[in-house]
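One-letter residues, chain by chain:
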Amino acid sequence: MADLSSLKDLGTSSEVASAAPVHVRKVDSLGRSYATGKRKNAVARVWVKPGTGKITVNGKEFAEYFARPVLQMILRQPIVAAARDGQFDIVATVAGGGLSGQAGAVRHGLSKALTYFEPGLRSVLKKGGFLTRDSRVVERKKYGKAKARRSFQFSKR
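Treat the numbers as computed from the prediction; the structure is a model and nothing was measured.

This next bit is on the nonpolar core. Grouped together as the largest cluster of nonpolar side chains are 29 residues, with contacts concentrated most on Val48 and Val57. Those elements giving two or more residues to this core turn out to be strand E2 (42-50), strand E3 (55-57), helix H2 (62-65), helix H3 (69-81), strand E5 (88-95) and helix H4 (99-117). Excluding anything up to four places from it in sequence, Val48 contacts Gly31, Arg32, Ser33, Phe88, Asp89, Ile90, Leu110, Ala113, Leu114 and Phe117.

On strand E1 (residues 33-39), burial follows the alternation: Ser33, Ala35, Gly37 and Arg39 on one face are buried, whereas Tyr34, Thr36 and Lys38 on the facing-out side are not. Sheet topology note: the E1/E2 ladder contains seven bridges and is antiparallel. Each residue of the ladder has a partner; that of Lys38, found in E2, is Val43. Where E1 folds back on E2, the antiparallel hairpin that results is connected by two residues, among which Lys40 adopts a positive phi of roughly 50°.

Let us now look at the side chain of Ser33. If you trace the backbone, Ser33 turns up in strand E1. In terms of polar contacts, Ser33 uses its side chain to reach the backbone carbonyl oxygen of Lys26, at 2.7 Å. With residues near it in sequence (within four places) discarded, Ser33 still touches Lys26, Val27, Val46, Trp47, Val48, Ala113, Tyr116 and Phe117.

Moving on to the pairing of E5. Here E2 runs beside E5; their pairing, made up of eight bridges, is antiparallel. For Arg45, the partnering residue across the bridge sits in E5 and is Thr93. Bridge analysis of E3 against E5 gives three bridges, and the strand direction is parallel. What sits directly across from Thr56, in E5, is Val91.

Reading guide: rules and limits
Residues numbered from 1 in each chain as written. Predicted model: local features only at pLDDT ≥ 70, side-chain atom pairs only at ≥ 80, totals over all residues. Heavy atoms only, no water. Core = buried A, V, L, I, M, F, W, Y, C linked by side-chain atoms within 4.5 Å. Buried < 20%, exposed > 50% of the residue type's maximum accessible area, 1.4 Å probe, protein only. Helix = DSSP H or I, 4+ residues; strand = E, 2+ residues; numbered from the N terminus. Contact = heavy atoms within 4.5 Å. Pairing = 2+ DSSP bridges. Polar contact = N/O pair within 3.5 Å; in protein donor to acceptor, adjacent residues only side chain to side chain.

Set out below in structure tokens:
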């Protein structure tokens, strides 16, 4: 690296750092990509590997674990958006929160794991908003209140 002592030297330097970050493939020794997804109070650990399209959540078939069609649709969104339906086996363990938060957490983890396995999918998943962690969580209950903001009923008598 050249000796840079002022901003003027930086402008004339021939060494220019690349502006865009380079996303590399992250795969373990078994050929799987791993990512953690979060939503509300739910945390999901997701492994993605090439396969037949089998999705397992907490040891059960995903349609059995997430019985509501809306939750199944939420979980499958990144795969459909990336046009990789039936190409990956997905294993997820999820804990905390309710079913809706858990489905969102698995979706977030799955999206991240897909980008680690195949970095070219990042732009498609980013446009769909699947890589952004939804930071909204339940507001805490305050003292002197019935809930977070709801006051007890007021009566003048």
